[in-house]
Amino acid sequence: MKKSIFTFLCLLFGVCFTLTIKQTASAKGHIQYNLSEDGVLSFYGKGELKSIDHLINYEQKESVKVIIIGQGITAIKKEGISHYWNAKKVILPSSLKKIGENAFCYMKSLKTIEIPDSVTTIGKGAFNDCDSLKKLVLPASLKSWKKGIAQDCPSLSTIINRSKVTCHLDNCEGWRIWRVNGKKTRVLPKKKTARARGKKIPITYDMAGGKTPGKLPQYYEYGTKLKLPDTVKRKDYEFFGWYSEERHKTTFESSRYPLFYIDYNSFEYTDGEDERIKLKEIKLSPCWFKFELQNNKEGTVQITLDGSKNRIPIVMYEVQYSEFEDMSPAYSEYLLDVRNKKTVAEITNMQRGKVYYFEFKTREEREFERDSWMGKKKIQVN
């Protein structure tokens, strides 16, 4: 019996010892992180930073504005800190030696990054799809980089190569033209600087009965944002935004290339897909809505909304009304009976003799949803 107990204790000790060794080995080189309330994500520890080291949810990722990689971290592994789309700044340590594949990809707000001279290797796609990245400086210590470390970066206009390695330049399927010492090139020699400009696409307009003061932009340059005026006018209509009648012909993805309508009055092309190579011209037109208020019977206001002249899909309208011009407080109603993008509805039980202010917005497919109210009008209820 004593022998059995002794054997059991020995086995138990052995298992515990083995588990302790495994946990210690797992903890060795582990990277920790801290996310502050003001959006600073800091990594600290020693060794390689992996994506699994920071299991951050969607809301937390969205709040990150600055990323600090602490001293002692030697490598950022594959997709190590990718998809932080709101981070505008990344600080790297002098201990960093390797930047892995897709390490910084889809960091949509990152404009520039300083790579320390300790880095010797940059992996494929390390800076892919960084839409706002304008400048990239390659360190003198760089010994190798994979072709295509910064593809689909439409804003990238300057690459400074301080290393002794010749680098490939991504021309975004022909939409971006690189030059070194004034000459066109697809290769950046060692110790040289390359600068790029995007191709220009002419723009034509169909104002659909509307007018605009001043001149409209005549060209769009790839990789830039184009501001479009919101001062266009048409009698008895409300301006909604701009859309492109060529959308279906050029197969634009509306969620990424918001040409269907632009409620923030700007648009940008952010990729180099084959379909866009065929695009010779951009055709833009204002998006108009007719919004009318009428006294119907006593204490009732009739609302007419007509968006039938536009190509945007409309599921429903939403109307809000208030006794105060600043719309605080306001009551809202969904107008669900929409046919051919038109609807006529009534708001009843309103106080006679009072002035009410009305606004509307549309509810479309998710990628076209508009959050702001428009078309404010007032009416005195009979």
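Each value, and the rule that gives it
Residues numbered from 1 in each chain as written. Predicted model: local features only at pLDDT ≥ 70, side-chain atom pairs only at ≥ 80, totals over all residues. Heavy atoms only, no water. Helix = DSSP H or I, 4+ residues; strand = E, 2+ residues; numbered from the N terminus. Buried < 20%, exposed > 50% of the residue type's maximum accessible area, 1.4 Å probe, protein only. Contact = heavy atoms within 4.5 Å. Areas by Shrake-Rupley, 256 points an atom, 1.4 Å probe, with all protein chains shown as cover. Pairing = 2+ DSSP bridges. pLDDT = per-residue confidence, 0-100. Salt bridge = Lys/Arg side-chain N within 4 Å of Asp/Glu carboxyl O. Polar contact = N/O pair within 3.5 Å; in protein donor to acceptor, adjacent residues only side chain to side chain. Phe/Tyr/Trp six-rings, centres within 6.5 Å; stacked < 30°, edge-to-face > 60°.

## A look at the overall build of the chain
In terms of regular secondary structure, the chain is built from four helices and 29 strands. Counting the 382 residues in the chain, one finds 45% classified as buried. Considering only intrachain contacts with a sequence separation of at least 6, the fraction spanning at least 24 residues in the chain is 48%. Here the chain displays about 21100 Å² of accessible surface, and carbon together with sulfur accounts for 50% of that area.

## Focus on the side chain of Ser-109
Here Ser-109 is to be found in the loop between β7 (98-99) and β8 (112-114). Judged by its relative accessible area of 17%, Ser-109 falls in the buried class. Not counting residues up to four positions away in its chain, the partners in contact with Ser-109 are Trp-85, Asn-86, Ala-87, Lys-88 and Ser-132.

## With respect to the pairing of strand β18 (residues 200-205)
Here β18 runs beside strand β19 (residues 219-221); their pairing, made up of three bridges, is antiparallel. By the bridge assignment, Pro-202 is partnered in β19 with Tyr-219.

## Brief notes about the confidence of the model for the chain
When the pLDDT values of the chain are averaged, the result is 81; 81% of them are 70 or greater. Scored below 50 in pLDDT, residues 1-28 shows zero contacts in the model against residues more than four places distant or in partner chains. Within the model, the stretch residues 247-277 combines pLDDT values under 50 with 99 contacts to residues more than four positions away or in other chains.

## Side note on the pattern of salt bridges
Opposite charge on two side chains lets them pair, provided their charged atoms get close. Tallied over the full model, the rule gives nine salt bridges. Close ionic contact of Asp-170 with Arg-176 constitutes a salt bridge, the shortest N to O distance being 3.7 Å. For Asp-170, a relative accessible area of 13% translates into the label buried. For Arg-176, a relative accessible area of 4% gives the class buried. Across the salt bridge formed by Arg-339 and Asp-337, the nearest N and O atoms sit 3.1 Å from each other. For Arg-339, a relative accessible area of 62% translates into the label exposed.

## Some remarks on the side chain of Thr-343
With respect to the helices, strands and loops of the structure, Thr-343 is situated in strand β27 (residues 342-347). Residue class for Thr-343 comes out buried when judged on its relative accessible area of 5%. Polar side-chain contacts of Thr-343 include one of 2.9 Å to the backbone oxygen of Asp-337.

## Examining the environment of Gly-241
Looking at the secondary structure, you find Gly-241 in strand β21 (residues 238-244). Each C-alpha atom, one on Gly-241 and one on Cys-287, is 5.3 Å from the other, the two residues being 46 residues apart in sequence.

## Regarding the packing of aromatic side chains
On inspection of all chains with the given rule, the structure shows 12 aromatic pairs. Here the aromatic rings of Phe-291 and Phe-360 are separated by 4.8 Å at their centres, their planes lie at 55°, and the arrangement is tilted. On the criterion of sequence distance, the pair formed by Phe-291 in strand β23 (residues 282-295) and Phe-360 in strand β28 (residues 355-363) is long-range, its members being 69 residues apart. Taking relative accessible area as the criterion, Phe-360 reaches 0% and is therefore assigned buried. Residues Tyr-321 and Phe-358 carry aromatic rings whose centres are separated by 5.4 Å and whose planes lie at 25° to one another, so their mutual orientation is stacked.

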